Amino acid sequence: MTLALEHVVKKYKDFTAVNDLNFIIGKGEIFGLIGQNGAGKTTTFRMILDLQDQTSGKITWDGIPIKKVNRDWLGYLPEERGIFPQMKVEEQLIFFGELRGMQRGELKKEIDFWITFFDLEEKRHQKAETLSKGNQQKVQLIASFIHKPKFLILDEPFSGLDPVNRDLLKEAILLLKERGVTILFSSHQMDNVEELCDHLCLLKRGISLFSGSLLDLKKQYGKTKLTLRTSFPLSELKKMAGVKEVKIDRDEYLVTLTDESFAETIFDVVSNGQYIEKFSLDYLSLDEIFKDKVGGNVE
Amino acid sequence: MLNKLWILIKRLYKQKIRAKSFILMTLFYMAIISVILFWSDIKAIFVNDEALEVALVNETSVELEPIFVSNEEITFRFPSEPEEELHEQLKQDEYDAVVVVSEEEETLKADIATYVPLKLVDQSTISSFIQYAGKIYGIQHLNLTAAEADRILNSEPIITNTNLNEGLADGKSEEQKQSGMWVSYFVGIVIYFFIMAFLSMITTDVASEKGSRALEMLLVSVKPSTHFQSKIIGITLLAFTQFAIIFGFVLVLLRFSNQGDKWDKVVSIVEELSYSYVFYAIAFLFLTIILYLIIGALFGSLVSKVEEASQVMTPAIMVTLVGFYVMISGVANPDTLLIKIFSYIPLTSGMVMPMRIGATDISSIESILSLMLLLATVIVSYLLSLSFYKRSVLTYSSGGIIQKIKTVLKVTT
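For clarity, every value in this text was computed on a predicted model and none was experimentally measured.

Turning next to the overall build of chain A. On a plain count of helices and strands, chain A comes out with 10 helices and 14 strands. Along the longest, intermediate and shortest principal axes, the C-alpha atoms of chain A span 70 × 45 × 30 Å. Sequence separation of 24 or more characterises 68% of the internal contacts of chain A that already satisfy a separation of 6 or more. Carbon and sulfur atoms make up 47% of the accessible area of chain A, which amounts to about 14,000 Å² in all. Taking the 42 positively charged and 46 negatively charged side chains of chain A as two groups, their mean positions are separated by 5 Å.

This is the structure in structure tokens:
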């Protein structure tokens, strides 16, 4: 066990931003906190980082109350992007590193590594304000973990990045995980969460709808996503027992089942002993589960 | 934590001291002070101030000519031509004025004729000569000897001030009060200019960090109280650096210019000052600047972006302006009720109280009371601001300053 939230509540007078939140993040794990805007993600991050006090409940790191934890163990990338515009890239990283107690020699090595990793070598001696938005974001990201934190919180780290830099960031997150860093992050892009997270917590208006492993969440729904490529008539398919919804994607039927157990019967009827080009039964994607759980769009 | 505080102070200090705006502002102050100190020399380069040419016609029976002694500003001539001819010469710009002095019912009468109207200062100069001549004329009519007349005109009373209430008065001489007045004026101006420059600097600095969201990353590694302290200490150091540069420059300028004439004047002023006055002046200067920096940092934490900084600073600037004008009014009379009231208000006492201490005979209890009030306000403001800063620095809201305070209280309590 590393980070544990137990019955955490945050109230603003008559408004409850976070209500009875519980989750545990294991050491070296990547944990996703997902929810719509206003679900309470940033408030939760701020409580963990001791930037805000919780109304009630307990937040601990290895059993120690978070307020007593050495702040240099923590790293944070806020949702809103911001660095010191007048400072040069390298100066900025040295400042944040030294502020977290790193020695200049070790800091230099880390800066060299991450600047090369994120392809910022040419920008090293430029003022932050002269960089593109994406490059500023990369500098801020490096600043958040340059001091080798034990626990890193990334609030919407992927927003605003192009696909190439998004892949670079995923690679960086996995590298940090390899180094033993425990990571908590939020994202509106469910494919990223699905790709990176071991465990997650799904928030809706401050209430946790699910907390656990991604596989457990998917198992809750079962394998109800059926993809068919066949000449079987659509009208017949829709009438079959266990079929909740049928969508057409080019030459394929995308069928949502009410329960996984109907799949075998459907296979028998559709194939009828004949050749069938495609019959694939899968778990729902996190995006589909999310939409079903929170009942709306992510953004 | 001390190390983190030092890192924050170092970054702020280095960034601000290298800023073009700071360098230009320091150079600007130095240039302005140089111009003020050497105004008469600079004026002499650009303006050819010739002495006023005045023709004096004495139609009285008394010999008044020795009274009208020429100096750098005025040259008296005593022509024998008739008045009409002198008026012609006046038109031809040979004279600036023709003064005809005559008698009327045992009183001196003077007619001043000009072709181009005289400046106020020139009118006053001629008038003062004529008034003195009037006194001489009156004395002459009393049939006094020259020695008797001289005694009347030059007799200086010996004035000794004795206050029997020992606890009340410290019995300053007029010279000490004049010196106190000059130094207080200097302290007041320093406080005013420093507040104007550094209140704005600290407010916009906190506001820009908050607006750029860099603050959130900082506050993960340092406590809001450390961040708050770093701003106050960093900007105070910067303010005193600027003060030291300008003050050092002025000292060098005074010491090595005009064969040290001005330096001697400054030394004579400083010699009149007591140690207690110097202590009070420095204490008021230091505490007032700290108080305004605390307010500035707090105001900066209230706004959501740097553009809103000037809006929240306005009340503090208004109070400073009021204090400054009250202090200016004290140059004419430092004993008014207005001065007394403002010398106890912590936001203005730094500008007003040194004047009362230096230029009036107030009891030491009053000075201590005002200083203690200021010190208590600094401590209370610091503690309250610290508590409020923790809550406001990550709260983003719109509206006026009152609305912003309400929002902070609403979302953090």
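Next, the rest of the story.
Further remarks concern the sheet that holds strand 4 (residues 107-113) of chain B. Residue and element names in this part refer to chain B. One open sheet holds the 4 strands; their spatial order is 2-1-3-4, and the pairing between them is mixed. Each of the sheet's edge strands pairs with one partner strand only, and the pair in question is strand 2 (74-77) and strand 4. Across the sheet, the mean angle separating the axes of adjacent strands is 25° when strand polarity is ignored. The sheet contact formed by strand 1 (residues 52-58) and strand 2 spans 4 bridges and is parallel. From the neighbouring strand, Leu52 faces strand 2, where its bridge partner is Ile74. Lying on the sheet, helix 4 (residues 83-91) is in contact with strand 1, strand 3 (97-104) and strand 4; it crosses strand 3 at an angle near 155°. Helix 5 (residues 120-141) rests against strand 1, strand 2, strand 3 and strand 4 of the sheet, and its axis sits at about 155° to strand 4.

Turning our eyes to something else, we now look at helix 3 (residues 104-117) of chain A. Residue and element names in this part refer to chain A. When the terminal C-alpha atoms of helix 3 are compared, their 20 Å separation across 14 residues agrees well with the 20 Å that a helix rising 1.5 Å per residue should span. When we look at burial in helix 3, the residues that qualify are Leu107, Glu110, Ile111, Trp114, Ile115 and Phe117. Viewed end-on, helix 3 has its buried residues packed into an arc of 150°, placing them on one side of the element. Exposed residues lying more than 90 degrees from the buried face of helix 3 are Lys109 and Thr116. Residues of helix 3 that are buried in the fold lie against helix 2 (89-99), helix 4 (133-145) and helix 5 (163-178). Asp119, located one to two residues past helix 3, shows a positive phi value of around 55°.

So, about the nonpolar core. The nonpolar side chains of a soluble globular protein tend to be buried with one another. Counting residues in each nonpolar core, the largest one holds 159 residues, and the members touching the most others are A:Leu3, A:Phe23 and A:Phe118. Top contributing element to this core by residue count: helix 11 (residues 275-302) of chain B, with 18 residues. Among all residues touching A:Phe118, those that are not within four sequence positions of it are A:Lys138, A:Leu141, A:Ile142, A:Phe145, A:Leu168, A:Leu169 and A:Ala172. The next biggest cluster of nonpolar side chains, apart from the first, holds 20 residues, and it includes B:Val62, B:Ile74, B:Ile130 and B:Ala133.

Quick look at the domain arrangement of chain A now. Interface extent is often summarised as the accessible area lost during association of the parts. The domains assigned to chain A are domain 1 (3-218) and domain 2 (223-282). Distance from the C-alpha centre of domain 1 of chain A to the C-alpha centre of domain 2 of chain A: 41 Å.

Before going further, it helps to examine the interface of chain B and chain A. On the chain A side, the residues contacting the 21 residues of chain B number 24 residues. Surface buried jointly by chain B and chain A totals about 2,300 Å² across both partners, of which 64% is contributed by carbon and sulfur atoms. The largest per-residue losses of area from chain B upon contact with chain A belong to B:Arg11, B:Met217 and B:Val220, which jointly make up 30% of the total buried on that side. Our enumeration of links across chain B and chain A arrives at 2 salt bridges. Connecting chain B to chain A are 6 residue pairs in polar contact (both at pLDDT 80 or more). When residues of the side of chain B that touches chain A are assigned to their parent elements, the largest contribution, 7 residues, is made by helix 8 (residues 214-221) of chain B. In terms of residue class, the side of chain B that touches chain A is made up of 11 nonpolar, 3 polar and 7 charged.

On to the sheet that holds strand 11 (residues 225-229) of chain A. All names here are of chain A. Strand order in this open sheet of 4 strands is 12-13-11-14, and the pairing throughout is antiparallel. Both edges of this open sheet fall to strand 12 (243-249) and strand 14 (278-282), since each of them pairs with a single strand only. Ignoring which end each strand starts from, the neighbouring axes of this sheet average 20° apart. By the bridge criterion, 4 bridges tie strand 11 to strand 13 (residues 252-257) in an arrangement that is antiparallel. Across the sheet, the residue bridging to Leu228 is Tyr253, located in strand 13. Lying over the sheet, helix 9 (residues 263-271) contacts strand 11, strand 12, strand 13 and strand 14, oriented at roughly 175° with respect to strand 14.

The sites that UniProt annotates as "domain: ABC transporter" (unreviewed entry) are residues 3-230 of chain A. Here residues 3-230 of chain A runs as 34% helix and 29% strand, with 49 Å between its end C-alpha atoms.

It is worth spelling out the domain arrangement of chain B at this point. Taken domain by domain, chain B consists of domain 1 (50-154) and domain 2 (173-412). Between domain 1 of chain B and domain 2 of chain B, the C-alpha centre-to-centre distance is 53 Å.

Together, A:Lys88, A:Lys127, B:Lys10, B:Lys14, B:Arg18 and B:Lys20 make up a positively charged patch on the protein surface. Looking at where A:Lys127 falls in the secondary structure, it is placed in the loop between helix 3 and helix 4.

This next bit is on the pattern of salt bridges. For the structure on display, the rule yields 33 salt bridges over all chains. A:Glu288 serves as the salt-bridge partner of A:Lys225, at 3.5 Å between the closest nitrogen and oxygen. Taken together, the residues A:Lys225 in strand 11 and A:Glu288 in helix 10 (residues 286-294) connect sequence positions 63 residues apart. In this structure A:Lys225 comes out as partly exposed when scored by relative accessible area, which is 27%. Note that B:Glu209 is salt-bridged to B:Arg11, the shortest N-O span being 2.8 Å. Of this pair, B:Glu209 sits in helix 7 (residues 174-211) while B:Arg11 sits in helix 1 (residues 2-17); the two residues are 198 residues apart in sequence, bridging distant segments of the chain. Summarising the burial analysis for this pair, B:Glu209 and B:Arg11 share the class buried.

To continue, consider the packing of aromatic side chains. All chains considered together, the criterion is met by 30 aromatic pairs over all chains. For the ring pair B:Phe228 and B:Tyr389, a centre distance of 4.7 Å and an interplane angle of 55° mean the geometry is tilted. One end of the pair, B:Phe228, is in helix 9 (residues 224-256); the other, B:Tyr389, is in helix 15 (residues 364-392), and 161 residues separate them in sequence. Note that B:Arg11 overlies the ring of A:Phe95, its terminal NZ or CZ placed 5.2 Å from the centroid.

All names here are of chain A. Secondary-structure assignment places Asp20 in strand 2 (residues 15-25). Classification of Asp20 by relative accessible area gives partly exposed; the value is 39%. In contact with Asp20, not counting residues within four places along its chain, are His7, Val8 and Val9.

The rules behind each value
Residue numbers here run from 1 along each chain, matching the order of that chain's written sequence. The order in which chains are written sets their letters, starting at A; the order in which ligands are written sets their numbers, starting at 1. With pLDDT at 70 or above as the cut-off, local features in this predicted model cover only qualifying residues; side-chain atom pairs require 80 or more to be listed or tallied, and sums for whole chains, interfaces and linings still use all residues. The basis for every side-chain value is the complete set of heavy atoms in the structure, and neither hydrogens nor water enter the calculation. Here a strand is any run of E in DSSP of at least two residues, a helix any run of H or I of at least four, and the numbering for each starts at the N terminus. A contact between two residues is defined here by any heavy atoms of the two lying within 4.5 Å. Note on areas: Shrake-Rupley, 1.4 Å probe, and residue coverage restricted to the protein chains presented here. Two residue types count as positive, namely Lys and Arg, and two as negative, namely Asp and Glu; His and chain ends fall outside the count. To locate a charge, take atom NZ for lysine, CZ for arginine, CG for aspartate or CD for glutamate. Two strands are said to pair when DSSP picks up at least two bridges between them. Fitted lines through C-alpha atoms serve as axes, helices being fitted only where they are in contact, and the angles separating the N-to-C directions of these axes extend from 0 to 180 degrees. The span one expects for a helix is its residue count, reduced by one, times 1.5 Å. Note on exposure labels: buried denotes an accessible area under 20% of the residue type's maximum, exposed denotes more than 50%, and partly exposed covers the range between, all computed with a 1.4 Å probe on protein chains only. To obtain the arc, one takes the directions from the helix axis to the C-beta atoms. Take the buried residues of types Ala, Val, Leu, Ile, Met, Phe, Trp, Tyr and Cys, join any two whose side-chain atoms come within 4.5 Å, and each joined set is a nonpolar core. Domain delimitation in this document rests on an assignment produced automatically or drawn from a domain database. Buried surface area refers to the total accessible area, computed with a probe of radius 1.4 Å, that the two partners give up upon joining, counted for both partners together. Put simply, a salt bridge is a Lys or Arg side-chain nitrogen that is within 4 Å of an Asp or Glu carboxyl oxygen. As used in this structure description, the phrase polar contact means that two N or O atoms lie within 3.5 Å; if the pair is within protein, one of them must be able to donate a hydrogen and the other to accept it, and residues adjacent in sequence are counted only when both atoms belong to side chains. Under the scheme applied here, ten amino acids are nonpolar (Ala, Val, Leu, Ile, Met, Phe, Trp, Tyr, Cys and Pro), four are charged (Asp, Glu, Lys and Arg), and all others, including Gly, are polar. UniProt positions are given in the numbering used here, feature names are shortened, and annotations may be inferred rather than shown by experiment. Every patch collects residues that have over 30% relative accessible area and no salt bridge, joining them within 9 Å if they carry like charges and within 5 Å if they are nonpolar side chains (Val, Leu, Ile, Met, Phe, Trp, Tyr). For Phe, Tyr and Trp, where Trp contributes only its six-membered ring, two rings pair if their centres lie within 6.5 Å, and the inter-plane angle classes them as stacked under 30 degrees, edge-to-face over 60, or tilted in between. Geometrically, a lysine NZ or arginine CZ counts as sitting over a ring once it is within 6 Å of the ring centre and also within 35 degrees of the ring normal.

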